[in-house]
Amino acid sequence: MSARKIFAGQKYGRLTIIRELEPTFTQSGRRRYKYLCKCECGNETIAEGGNLRKGLKKSCGCLEKENQLKPTHGKTNTRLFSIWVGMRRRCYDTRRNNYQNYGGRGIRVCNEWLGESGFQAFYDWAMANGYDDTLTIDRIDDDGNYEPCNCRWVDMQTQQNNRRNNHIVTAYGESMTVTQMARKYKLNPNDLYKRLKGKTNAESVIADLIAAE
């Protein structure tokens, strides 16, 4: 097949050609044809024609991430493995309904819990930090990543209380979550949330808590 016989609308793996881009050149002067592509997951990516024809480029990268989830440890059917898979998908799978609340906000999974040995590292951390089948994983800082220093195992009630801190508060001309507001003024998020219940003036609540420190 000629290097030029790639047209808009053709599909290679998960990628559909949108249009041809300006070619680049190697040091030897060889021309490399490049194409803007649309992936099935909704992302756009740029691919070289040769890599498309040879099957070396099949997606924007989502296929590779999914393949990394293939188990090599014999714990596929465990609850902990399902938690690990769900954690990664929330952060990297743009097709997930809740992606905007995780990956869409910049939340990531630490490198230690990614890759071929990622689940084993996650498993070891979980076992050493109080995991049992009645608990769920919770990020201490709701704006932070999934990583050992920011994660803990809690019961559902504790996790729901933590989620309450995501409510938006407006004070001093700024709107942010309770957690963010508490961090800004060096306050305890749970104390701020409790004091805000039924109150309309967040500024007075913040001022009272600061004065009590």
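Before any of the text, the structure's been laid out above.
Residues numbered from 1 in each chain as written. Predicted model: local features only at pLDDT ≥ 70, side-chain atom pairs only at ≥ 80, totals over all residues. Heavy atoms only, no water.

### Describing the overall build of the chain
Within the chain one finds eight helices and ten strands. For the chain, the residues scored as buried account for 35% of the 213 residues in total. Taking contacts inside the chain between residues at least 6 apart in sequence as the whole, the part at least 24 apart equals 42%. If you sum the accessible surface of the chain, you get close to 12800 Å²; carbon and sulfur atoms cover 45% of it. (Helix = DSSP H or I, 4+ residues; strand = E, 2+ residues; numbered from the N terminus. Buried < 20%, exposed > 50% of the residue type's maximum accessible area, 1.4 Å probe, protein only. Contact = heavy atoms within 4.5 Å. Areas by Shrake-Rupley, 256 points an atom, 1.4 Å probe, with all protein chains shown as cover.)

### Notes on the side chain of N150
Turning to its location among the elements, N150 is positioned in the loop between β7 (136-139) and β8 (151-154). Beyond its immediate stretch of four places on either side in the chain, N150 contacts D138, R139, I140, D141, G144 and N145.

### Some words on helix α3 (residues 79-92)
One full turn of an α-helix is made of 3.6 residues, so residues set three or four places apart face in the same direction. In this model, α3 (14 residues) spans 20 Å end to end at C-alpha, consistent with the 20 Å of a helix rising 1.5 Å per residue. For α3, every residue scored as buried is listed here: L80, F81, I83, W84, V85, M87, R88, R90 and C91. (Expected span 1.5 Å × (residues − 1).)

### Considering the packing of aromatic side chains
Within this structure, the stated rule accounts for eleven aromatic pairs. Through successive ring pairs, a cluster of aromatic residues spans W113, F122, W125, Y131 and W153. A cation over a ring is seen here: R90 above Y102, with NZ or CZ 5.3 Å from the ring centre. Over the face of the ring belonging to Y146 we find R139, whose NZ or CZ atom lies 5.1 Å from the ring centre. (Phe/Tyr/Trp six-rings, centres within 6.5 Å; stacked < 30°, edge-to-face > 60°. Lys NZ or Arg CZ within 6 Å of the ring centre and 35° of its normal.)

### What to know about the environment of Y185
Within the fold, Y185 resides in the loop between α6 (178-184) and α7 (189-196). Using a relative accessible area of 22% as the deciding quantity, one classes Y185 as partly exposed. For the pair Y185 and A207, spaced 22 residues apart in sequence, the C-alpha separation works out to 9.4 Å. Apart from residues no more than four positions distant in its own chain, Y185 is found in contact with Y172, E174, I206 and I210.

### Some words on the packing of α3 against helix α4 (residues 118-128)
At a minimum axis distance of 10 Å, the contact between α3 and α4 shows a crossing angle of 120°. The angle between α3 and α4 falls in the class oblique. Judged by the twist between their axes, the crossing of α3 over α4 is right-handed. Only G118, F119, F122, Y123, A126 and M127 of α4 make contact with α3, whose side of the interface consists of L80, F81, I83, W84 and M87. Of the residues in the contact of α3 with α4, the class split is ten nonpolar, one polar and no charged. (Axes fitted to C-alpha atoms, helices over the stretch in contact; angles between N-to-C directions. Parallel < 35°, antiparallel > 145°, perpendicular 65-115°, else oblique. Left-handed = near helix turned anticlockwise from the far one by under 90°. Nonpolar A, V, L, I, M, F, W, Y, C, P; charged D, E, K, R; others polar.)

So far we have only geometry, and geometry alone does not tell us how the molecule works.
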